[in-house]
Amino acid sequence: GAEWTGMGDPHAANAYLLENDRAMPAVRNFAWIDPQGLVVYSSLKEHIGRDLSDRADYRAILEGREYQVTDLIISRTTGEPIFVVTRGIRDNRGRLQGIVFAAVDPKRLSSIIGFERSGSGNIVLIDRAGRLVFSHPGVDLGWDERVMVDDCPIIGEALLGREVSGIGPDVLGKGVSGFALSPVSPFGWVAGASRPE
């Protein structure tokens, strides 16, 4: 999206958030959080004034991280699975001016990374907890059914930072598949592709 240069200008921050909200279809909500953890501006007006200082991603930015990506979580607003990307905005002296917060709806990622694979193949994203974040084609799974690492231990190897491939049970339970899994650094997720044997 557009580079935000309106440090300290609330109207510039609001315009930036609204512009990027339209440009990123997978983002459910953009927000600007002040250094104390309060939502000052949001593409969802009902979020303005919320205190997010109890969130681990907020604390990581406060402690100096440039950005943070959460694992899949349940949205406090909708009860649906989301993940959150936060990025600290600092002045030229390194002082935190605020945090850009983007809640991403993984179902909407198909418009960005959902390409068709031959032979009924699929692609997946798995978070640090071994939970399925995204698959294409999509599957409708409950929260507990999303934990893939228990049914496919090879995912654990990829979560440890190893590229793995082979033939075995498909992570989505589609029988036996050829697959490849690769770590997604620097935030510790795994990307995978497979197709039926």
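Residues numbered from 1 in each chain as written. Predicted model: local features only at pLDDT ≥ 70, side-chain atom pairs only at ≥ 80, totals over all residues. Heavy atoms only, no water.

Colleague: Looking at this structure, how should I read the overall build of the protein?
Modeller: A count of helices and strands for the protein gives 4 helices and 11 strands. Look at the contacts in the protein between residues 6 or more apart in sequence, and 41% of them connect residues 24 or more apart. Surface accessibility of the protein: about 10400 Å² in total, with carbon and sulfur atoms responsible for 52%. (Helix = DSSP H or I, 4+ residues; strand = E, 2+ residues; numbered from the N terminus. Contact = heavy atoms within 4.5 Å. Areas by Shrake-Rupley, 256 points an atom, 1.4 Å probe, with all protein chains shown as cover.)

Colleague: Where do I start with the pattern of salt bridges in this structure?
Modeller: Side chains carrying opposite charge are able to pair once their charged atoms draw close together. Applying the stated criterion across every chain, the model contains 5 salt bridges. Asp71 is the partner of Arg128 in a salt bridge, and the nearest nitrogen-oxygen pair spans 3.3 Å. Taken together, the residues span a long stretch of sequence, with Arg128 in the loop between β7 (122-126) and β8 (132-136) and Asp71 in the loop between β3 (67-69) and β4 (73-74) at a distance of 57 residues. For Asp91, the salt bridge is made with Arg95, and the minimal N-O distance between the two is 2.8 Å. (Salt bridge = Lys/Arg side-chain N within 4 Å of Asp/Glu carboxyl O.)

Colleague: Hey, could you run me through the sheet that holds strand β10 (residues 176-184) in this one?
Modeller: Neighbouring strands of a sheet are bound in pairs by backbone hydrogen bonds; such pairs are parallel or else antiparallel. Ordered by their spatial adjacency, 5 strands build an open sheet running β8-β7-β11-β10-β9, and the pairing between neighbours is antiparallel. In this open sheet, the two strands that pair with only one neighbour each are β8 and β9 (164-169). Put simply, the sheet's adjacent strands are angled 20° from each other on average, direction ignored. Pairing geometry for β7 and β8, over 4 bridges, is antiparallel. Looking across to β8, one finds that Leu125 is bridged to Phe134. (Pairing = 2+ DSSP bridges. Axes fitted to C-alpha atoms, helices over the stretch in contact; angles between N-to-C directions.)

Colleague: Please clarify how the pairing of β10 should be interpreted in this entry.
Modeller: One face of the sheet, then the other: side chains in a regular strand alternate in exactly this way. The pairing of β9 with β10 spans 6 bridges and is classified as antiparallel. Paired with Ile167 across the two strands is Gly178, which belongs to β10. Examined bridge by bridge, β10 and strand β11 (residues 189-196) share 8 bridges and lie antiparallel to one another. By the bridge assignment, Ser177 is partnered in β11 with Pro196. The turn linking β10 back onto β11 is made up of 4 residues, and Gly188 within it adopts a positive phi angle of 80°.

Colleague: Help me understand the packing of aromatic side chains in this model?
Modeller: By convention here, two paired aromatic rings are described through the distance between centres and the angle between planes. A full pass over the atoms with the stated rule returns 2 aromatic pairs. Ring centres of Phe83 and Trp189 lie 4.9 Å apart, and the angle between their planes is 75°; this geometry places the pair in the edge-to-face category. Of the two residues, Phe83 sits in strand β5 (residues 81-90) while Trp189 sits in strand β11, which places them 106 residues apart along the sequence. Ring geometry for Phe187 against Trp189: centres 5.2 Å apart, planes inclined by 80°, an arrangement best described as edge-to-face. For Trp189, a relative accessible area of 3% puts it in the buried group. Feature note: the residues Phe83, Phe187 and Trp189 constitute an aromatic cluster, connected by ring pairs. (Phe/Tyr/Trp six-rings, centres within 6.5 Å; stacked < 30°, edge-to-face > 60°. Buried < 20%, exposed > 50% of the residue type's maximum accessible area, 1.4 Å probe, protein only.)

Colleague: Explain the nonpolar core here, please?
Modeller: In this structure, Phe83, Leu109, Leu125, Val133, Phe134 and Trp189 are the most contacted members of the largest nonpolar core, which totals 16 residues. Elements with a minimum of two residues in this core: β1 (27-33), β5, β6 (96-104), β7 and β8. Apart from the residues within four sequence positions on either side, Trp189 is in contact with Val69, Thr70, Asp71, Phe83, Leu125, Ile126, Asp127, Arg128, Val133, Ser182, Pro183 and Val184. Of all hydrophobic cores here, the second largest spans 12 residues; its members include Ala31, Val84, Leu96 and Ala103. (Core = buried A, V, L, I, M, F, W, Y, C linked by side-chain atoms within 4.5 Å.)

Colleague: What exactly am I supposed to notice about the environment of Pro186 here?
Modeller: Tracing the sequence through the fold places Pro186 in the loop between β10 and β11. A relative accessible area of 62% means that Pro186 is categorised as exposed. Taking the C-alpha atoms as reference, Pro186 lies 9.6 Å from Val69; in sequence the two are 117 residues apart.

Colleague: Got a minute to help me understand the confidence of the model for the protein in this structure?
Modeller: Close inspection of predicted coordinates is inappropriate in any region flagged by low pLDDT. When pLDDT is averaged along the protein, the result is 81, and 78% of the positions lie at 70 or above. In this model, residues 1-5 is a region of pLDDT below 50 whose contacts with residues beyond four sequence positions or in other chains number 11 contacts. (pLDDT = per-residue confidence, 0-100.)

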